[in-house]
Amino acid sequence: MRIRLIAVGTRMPAWVEAGYGEYAKRLPPDFQLELVELALGHRGKGADPARAMRSEGDAMLAAIGKGDRVIALAVDGRNWSTEQLSEQAEGWRMNGCNVSLLVGGPDGLDPRCIAAADQKWSLSALTLPHPLVRILLAEQIYRAWTLLQGHPYHK
């Protein structure tokens, strides 16, 4: 199974790349975590945020793997405990599907991305910085995998 983390934003600080990389490299090839970074839509003086979001949405929809289960990260999504995430991951694996996790830019996800999602997942009611979300997702996916393996990391 491959979990593709599709996230808006490039050129992350070294600490973000190191944190994400640490957890991604711990996962085995049959539970692979892959990062797809998408360019931020043009924002600035006089720029239209809706147009930037559409541009990000176009790129995000194009990056979703054919047949992938699509999970949109959204504030109004369902909260999962680590155990519930582990159960979700086991279901994805048993169904033989790959997964695309969608993380939007500063204005959130394009509505078309939310409409394309099979599920919506909320990490927290808090507003989290997008770079930190990458690390948090990688760690929680690793933790879910360790639960499935009966590994003591979760404790």
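Summary of the structure given here. Keep in mind that what you see is a predicted model, and the values were worked out from it rather than measured. (Residues numbered from 1 in each chain as written. Predicted model: local features only at pLDDT ≥ 70, side-chain atom pairs only at ≥ 80, totals over all residues. Heavy atoms only, no water.)

### Re the pairing of strand β4 (residues 99-103)
Counting buried residues in β4 gives five out of five residues, a clear majority hidden from the surface. A two-sided burial pattern is seen for β4, the buried positions comprising V99, L101 and V103 on one face and S100 and L102 on the other. As judged from the five bridges shared by strand β1 (residues 2-8) and β4, these two strands associate in the parallel manner. Residue pairing in the sheet places R4 in a bridge with S100 of β4. Strand direction decides the pairing type here: strand β3 (residues 69-79) and β4, joined by four bridges, are parallel. Pairing of V70 across the sheet is with S100, part of β4. (Buried < 20%, exposed > 50% of the residue type's maximum accessible area, 1.4 Å probe, protein only. Helix = DSSP H or I, 4+ residues; strand = E, 2+ residues; numbered from the N terminus. Pairing = 2+ DSSP bridges.)

### Quick notes on the environment of L136
Residue placement: L136 occurs in helix α5 (residues 130-149). Once the C-alpha coordinates of L136 and Y23 are considered, the two residues, 113 residues apart in sequence, prove to be 9.5 Å apart.

### So, the pattern of salt bridges
Applying the stated criterion across every chain yields a total of 14 salt bridges. The partner of E22 in a salt bridge is K25, with the nearest N and O atoms 3.3 Å apart. Here K25 and E22 lie together in helix α1 (residues 14-26), a separation of three residues that amounts to about one turn. Among the residues examined, K25 registers a relative accessible area of 60% and is labelled exposed. Beyond isolated ion pairs, a larger network of salt bridges with shared partners links R2, R4, E34 and D68. (Salt bridge = Lys/Arg side-chain N within 4 Å of Asp/Glu carboxyl O.)

### With respect to unusual backbone geometry
Phi angles above zero are rare outside glycine, and R11 is one such case at about 55°. Tracing the sequence through the fold places R11 in the loop between β1 and α1. Judged by relative accessible area, R11 falls into the exposed class, the value being 78%.

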